[in-house]
There are 2 protein chains.
Amino acid sequence: MDIPVEVAARFSEGTLVAAIAQDVTNGEVLMMAWMNEDALQQTLATGNVTYWSRSRNQLWTKGEGSGHTQKLISASYDCDGDALLLQVEQTGAACHTGERSCFFREIEVTE
Amino acid sequence: MDIPVEVAARFSEGTLVAAIAQDVTNGEVLMMAWMNEDALQQTLATGNVTYWSRSRNQLWTKGEGSGHTQKLISASYDCDGDALLLQVEQTGAACHTGERSCFFREIEVTE
């Protein structure tokens, strides 16, 4: 459960890392939020995905209030160590709006 | 091809927006990079995904040098307007390392 050096380097710089949660059952991208070192450590130690809330300035275990938890199945990190991809089992809605995914609104794209 | 107000508000604050590219053919998350308003406008206008390079401080049309382009198929934005999810047709590798996805390294997760 060691944090990879590339990701640890970001935390050492004081950078938050983007964490993308993907539904392990169907590949749907559910949300993107932020992690600091404590959030990632806690996620890896407990298996319950925990983010860093930039607005509340505190750790935020997903589903703590709502019951809409994310169970961590697997995790990977990108080539420059500033983004994580989490495969999760999502209980209920990932979005606080009640939508399954936070990405529920389309931008019009011209063919 | 208007930029949604929630996303435009982020650009007005001077915030870059995270853009997650997902392979439209199989749901694989390929990479995460950043967009400013010009990058998003250019992406929507041309259909060729264009990011903002924070290291080079300039627009960066994916595949410009390598030929590993991303054709935009559809786009959505998240509930707080600070992240975009792009469905793309990826030519070749998304990652500069030659890997298909930038998320090619796993973090050990204890069951």
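Preceding block: the structure.
The structure contained in this document is the topic of the report that follows.

## What about the overall build of chain A?
Scanning chain A from terminus to terminus reveals 2 helices and 7 strands. When the elements of chain A are put in sequence order from the N terminus, they spell out α-β-β-α-β-β-β-β-β. The C-alpha atoms of chain A give 14 Å as radius of gyration, which agrees with the globular expectation for 111 residues (13 Å, within 12%). By principal-axis analysis of the C-alpha atoms, chain A measures approximately 40 × 35 × 30 Å.

## Examining the pairing of strand β6 (residues 83–90) of chain A
Residue and element names in this part refer to chain A. When you tally the buried positions in β6, you get 7 out of 8 residues, the bulk of the element. In the sheet, strand β1 (residues 17–23) pairs with β6 via 6 bridges, with the strands oriented parallel. Bridging from a neighbouring strand, A21 pairs with L86 of β6. Judged from the 7 bridges that link them, strand β5 (residues 70–77) and β6 form a sheet pairing that is antiparallel. Bridging from a neighbouring strand, L72 pairs with V88 of β6. Counting the residues between successive antiparallel strands, the hairpin from β5 to β6 contains 5 residues, one of them, G81, with a positive phi of roughly 70°.

## With respect to unusual backbone geometry
Residues and elements named next belong to chain A. For N57, which is not a glycine, the phi torsion comes out positive at approximately 60°. Along the chain, N57 falls in the loop between β3 (50–53) and β4 (58–61). When its relative accessible area of 55% is taken as the criterion, N57 is described as exposed.

## Some details on the interface of chain B and chain A
Contact residues are listed per partner, giving 37 residues for chain B and 37 residues for chain A. Taken as a group, F103, R105 and I107 of chain B account for 22% of the area that chain B buries against chain A, more than any other trio of residues on that side. Where chain B touches chain A, the interface holds 4 salt bridges. On the surface where chain B and chain A come into contact, there are 16 residue pairs in polar contact (both at pLDDT 80 or more).

## With respect to the packing of aromatic side chains
Residues and elements named next belong to chain B. A complete count under the given rule lists 3 aromatic pairs over all chains for this structure. Ring geometry for Y51 and W60: centres 5.2 Å apart, planes at 40°, overall tilted. Residue classification places Y51 among the buried positions, given a relative accessible area of 0%.

## Digging into the pairing of strand β2 (residues 29–35) of chain B
Consecutive residues of a regular strand have side chains that alternate between opposite faces of the sheet. Residues and elements named next belong to chain B. Along β2, 7 of the 7 residues are buried, which leaves the element largely enclosed by surrounding structure. Pairing geometry for strand β1 (residues 17–23) and β2, over 6 bridges, is antiparallel. Directly across from A18, in β2, lies its bridge partner W34. Taking the residues that link successive antiparallel strands as the turn, the β1-β2 hairpin has 5 residues, and the phi of G27 there is positive, at about 80°.

## A word on the relation of the copies chain B and chain A
Here chain B sits on chain A after a turn of 180° about the axis and a move of 0.0 Å along it, with an RMSD of 0.0 Å. This pairing of chains is accounted for by a two-fold axis. Considering only C-alpha atoms, the residue of chain B closest to the rotation axis is G27 of chain B, which sits at 2.8 Å. Of the residues that chain B buries at the interface, 100% are likewise interface residues in chain A, meaning the two copies contact each other through the same surface.

## Quick notes on the side chain of Q90 of chain A
All names here are of chain A. Position of Q90 relative to the elements: it lies in strand β6. The class of Q90 is buried, set by a relative accessible area of 9%. Within polar-contact distance, the side chain of Q90 engages the backbone oxygen of H68 at 3.4 Å. In this structure the side chain of Q90 is engaged in a polar contact, spanning 2.8 Å, whose partner is the side chain of Q70.

## Regarding the sheet that holds strand β2 (residues 29–35) of chain A
If you trace the 5 strands from one edge of the open sheet to the other, you get β2(A)-β1(A)-β6(A)-β5(A)-β7(B), paired in mixed fashion. Strands at the two margins of the open sheet, each flanked by one partner only, are β2 of chain A together with β7 (105–107) of chain B. Neighbour to neighbour, the strand axes of the sheet diverge by 30° on average, direction disregarded. By the bridge criterion, 3 bridges tie β5 of chain A to β7 of chain B in an arrangement that is antiparallel. Residue S76 of chain A lies in a different strand from β7 of chain B, and its bridge partner there is E106 of chain B. Sitting on the sheet, helix α1 (residues 5–13) of chain A touches β1, β2, β5 and β6 of chain A together with β7 of chain B, and the angle it makes with β1 of chain A is about 130°.

Conventions used here
- Residues numbered from 1 in each chain as written.
- Chains lettered and ligands numbered in written order.
- Predicted model: local features only at pLDDT ≥ 70, side-chain atom pairs only at ≥ 80, totals over all residues.
- Heavy atoms only, no water.
- Helix = DSSP H or I, 4+ residues; strand = E, 2+ residues; numbered from the N terminus.
- Rg over C-alpha atoms; globule rule 2.2 N^0.38 Å.
- Buried < 20%, exposed > 50% of the residue type's maximum accessible area, 1.4 Å probe, protein only.
- Pairing = 2+ DSSP bridges.
- Contact = heavy atoms within 4.5 Å.
- Buried area = accessible area lost by both parts, 1.4 Å probe.
- Salt bridge = Lys/Arg side-chain N within 4 Å of Asp/Glu carboxyl O.
- Polar contact = N/O pair within 3.5 Å; in protein donor to acceptor, adjacent residues only side chain to side chain.
- Phe/Tyr/Trp six-rings, centres within 6.5 Å; stacked < 30°, edge-to-face > 60°.
- Least-squares fit on C-alpha atoms with pLDDT ≥ 70 in both.
- Axes fitted to C-alpha atoms, helices over the stretch in contact; angles between N-to-C directions.

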